[in-house]
Amino acid sequence: MDDAKNQGEGDVEAARRYDAAQKKFVDEGRVDDAALAAEPVDAEDERQMEQAEKAGKAHAKGEDPAVSRGSGGSENR
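Computed from a prediction, not measured in an experiment: that's the story for all the values here.

Asker: Outline the pattern of salt bridges, listing residues and values.
Answerer: As enumerated under the stated definition, the model contains six salt bridges in all. Aspartate 27 is paired through a salt bridge with lysine 23; the nearest N and O atoms lie 2.6 Å apart. Highlighted residues: aspartate 27 and lysine 23, both in helix 1 (residues 12-27), separated by four residues, approximately one helical turn. With a relative accessible area of 54%, aspartate 27 lands in the exposed category. Residue lysine 57 is joined to glutamate 53 by a salt bridge in which the shortest nitrogen-to-oxygen separation is 3.2 Å. Residue lysine 57 and its partner glutamate 53 are both found in helix 3 (residues 43-58); the two are separated by four residues, about one turn of the helix. Looking at lysine 57, the relative accessible area reads 56%, which means it is exposed. On the accessibility criterion, glutamate 53 (45% relative accessible area) is partly exposed.

What counts and what doesn't
- Residues numbered from 1 in each chain as written.
- Predicted model: local features only at pLDDT ≥ 70, side-chain atom pairs only at ≥ 80, totals over all residues.
- Heavy atoms only, no water.
- Salt bridge = Lys/Arg side-chain N within 4 Å of Asp/Glu carboxyl O.
- Helix = DSSP H or I, 4+ residues; strand = E, 2+ residues; numbered from the N terminus.
- Buried < 20%, exposed > 50% of the residue type's maximum accessible area, 1.4 Å probe, protein only.

Here it is in structure tokens:
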């Protein structure tokens, strides 16, 4: 087995590619267009989005304690 490919729990190269793609997306000014495209197109679409959000929140375990502290959570690392 090629140990260079085994990155354990995370794939560092994939994370770097993802981060670079996200930075490019923002730098090209595509965020506003994507946000507008994500808006519901009619009342039924809005109802479905609200239903999906409610279903997702039903599975949530609660707010991340780092968020409520307003710190980013680096103190306990």
